[in-house]
Amino acid sequence: MNDTIELELDLQIACEAANLPSEAQFILWAKTALQGHRSEAELSIRLVDEDESAELNMQYRQKSGPTNVLSFPADLPPELELPLLGDLAICKQVVEREAKEQHKACLDHWAHMVIHGTLHLLGYDHIADDEAEEMEALEIALLKTLNISNPYTPIL
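Residues numbered from 1 in each chain as written. Predicted model: local features only at pLDDT ≥ 70, side-chain atom pairs only at ≥ 80, totals over all residues. Heavy atoms only, no water.

Draft legend 1. Here's a closer look at the pattern of salt bridges. Taken as a whole and assessed by the stated rule, the structure comprises four salt bridges. Across the pair Arg-46 and Glu-52 runs a salt bridge whose closest N-O atoms are separated by 2.6 Å. Judged by relative accessible area, Arg-46 falls into the partly exposed class, the value being 29%. Between Lys-92 and Glu-96 there is a salt bridge, and its shortest N-O distance comes to 3.0 Å. In this pair, Lys-92 and Glu-96 are both assigned in helix α3 (residues 92-101), four residues apart and thus about one turn of the helix distant. The exposure class of Lys-92 is buried, given its relative accessible area of 5%. A network of salt bridges, in which partner residues are shared, links Glu-16, Lys-92 and Glu-96. (Salt bridge = Lys/Arg side-chain N within 4 Å of Asp/Glu carboxyl O. Buried < 20%, exposed > 50% of the residue type's maximum accessible area, 1.4 Å probe, protein only. Helix = DSSP H or I, 4+ residues; strand = E, 2+ residues; numbered from the N terminus.)

Draft legend 2. The arrangement of the sheet that holds strand β3 (residues 69-73) in detail. Spatial ordering of the open sheet is given by β1-β2-β4-β3, a layout of four strands whose pairing is mixed. Two strands close off the open sheet at either side, each with one partner strand: β1 (6-14) and β3. Adjacent strand axes in the sheet meet at a mean angle of 15°, parallel and antiparallel pairs treated alike. Pairing analysis gives seven bridges linking strand β2 (residues 40-48) to strand β4 (residues 84-91), with the strands arranged parallel. Directly across from Leu-47, in β4, lies its bridge partner Ile-90. (Pairing = 2+ DSSP bridges. Axes fitted to C-alpha atoms, helices over the stretch in contact; angles between N-to-C directions.)

Draft legend 3. Quick look at the packing of aromatic side chains. In this structure the tally under the stated criterion is three aromatic pairs. With 5.7 Å between their ring centres and 90° between their planes, Phe-26 and Trp-110 make a pair best called edge-to-face. With Phe-26 in helix α1 (residues 23-34) and Trp-110 in helix α4 (residues 106-121), this pair connects stretches of sequence that are 84 residues apart. You'll find Phe-26 and Trp-110 in the same group, each marked buried. Ring plane angle 75° and centroid distance 5.0 Å describe the contact between Tyr-60 and Phe-72, whose orientation is recorded as edge-to-face. Placement of Tyr-60 in helix α2 (residues 50-61) and of Phe-72 in strand β3 is noted, with a sequence separation of 12 residues between them. An aromatic cluster is present here, built from Phe-26, Trp-29 and Trp-110 joined pairwise through their rings. (Phe/Tyr/Trp six-rings, centres within 6.5 Å; stacked < 30°, edge-to-face > 60°.)

Draft legend 4. Summary view of the pairing of β2. Note: β1 against β2, nine bridges, orientation parallel. Across the sheet, the residue bridging to Leu-7 is Ala-41, located in β2. Taken together, β1, α1 and β2 constitute a β-α-β crossover, and its handedness is left-handed. (Right-handed = clockwise from strand over helix to strand, strands pointing away.)

Draft legend 5. Just a negative patch on the surface, in detail. A contiguous patch of negative charge on the surface is contributed by Glu-6, Glu-8, Asp-10, Glu-23, Glu-40 and Asp-87. In terms of residue count, the dominant contributor to the negative patch is β1 (three residues). Here Glu-8 lies in strand β1. (Patch = residues over 30% accessible without salt bridge, like charges linked within 9 Å, V, L, I, M, F, W, Y side chains within 5 Å. Areas by Shrake-Rupley, 256 points an atom, 1.4 Å probe, with all protein chains shown as cover. Lys, Arg positive; Asp, Glu negative; His and termini not counted. Charge placed at Lys NZ, Arg CZ, Asp CG, Glu CD.)

Written out as structure tokens, the structure is:
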């Protein structure tokens, strides 16, 4: 299971540090996403504020405003057999706000964002409907292994 995955995590905290998940939680969530895909990976997770998230979102996606998670896959030549997976930038304020608005436990939403972003780094996407269905089904299944309910269940 997760114990067979070697993960080197570079956790960067570039936002207000109160009430953040632990490094061990980030590692567990990333390893959960890597199951069946990688036995070894190097990953950077940068926790950012809304200003940095908005800057990155505009620079790399040409979209204004902050977003919950941005994924930057490693772009290595195939002959370099390094386990570098890529980088995630996760906006603390957006994750906390979304959790509250969606009536979710904050840690559950953090887990979802790490898994969602890591799946993007592995090549999953949700632009086309069939890709979205595949990615969402995988997220739901992975979160279930962590005893986290379906994040796509509508709010009542």
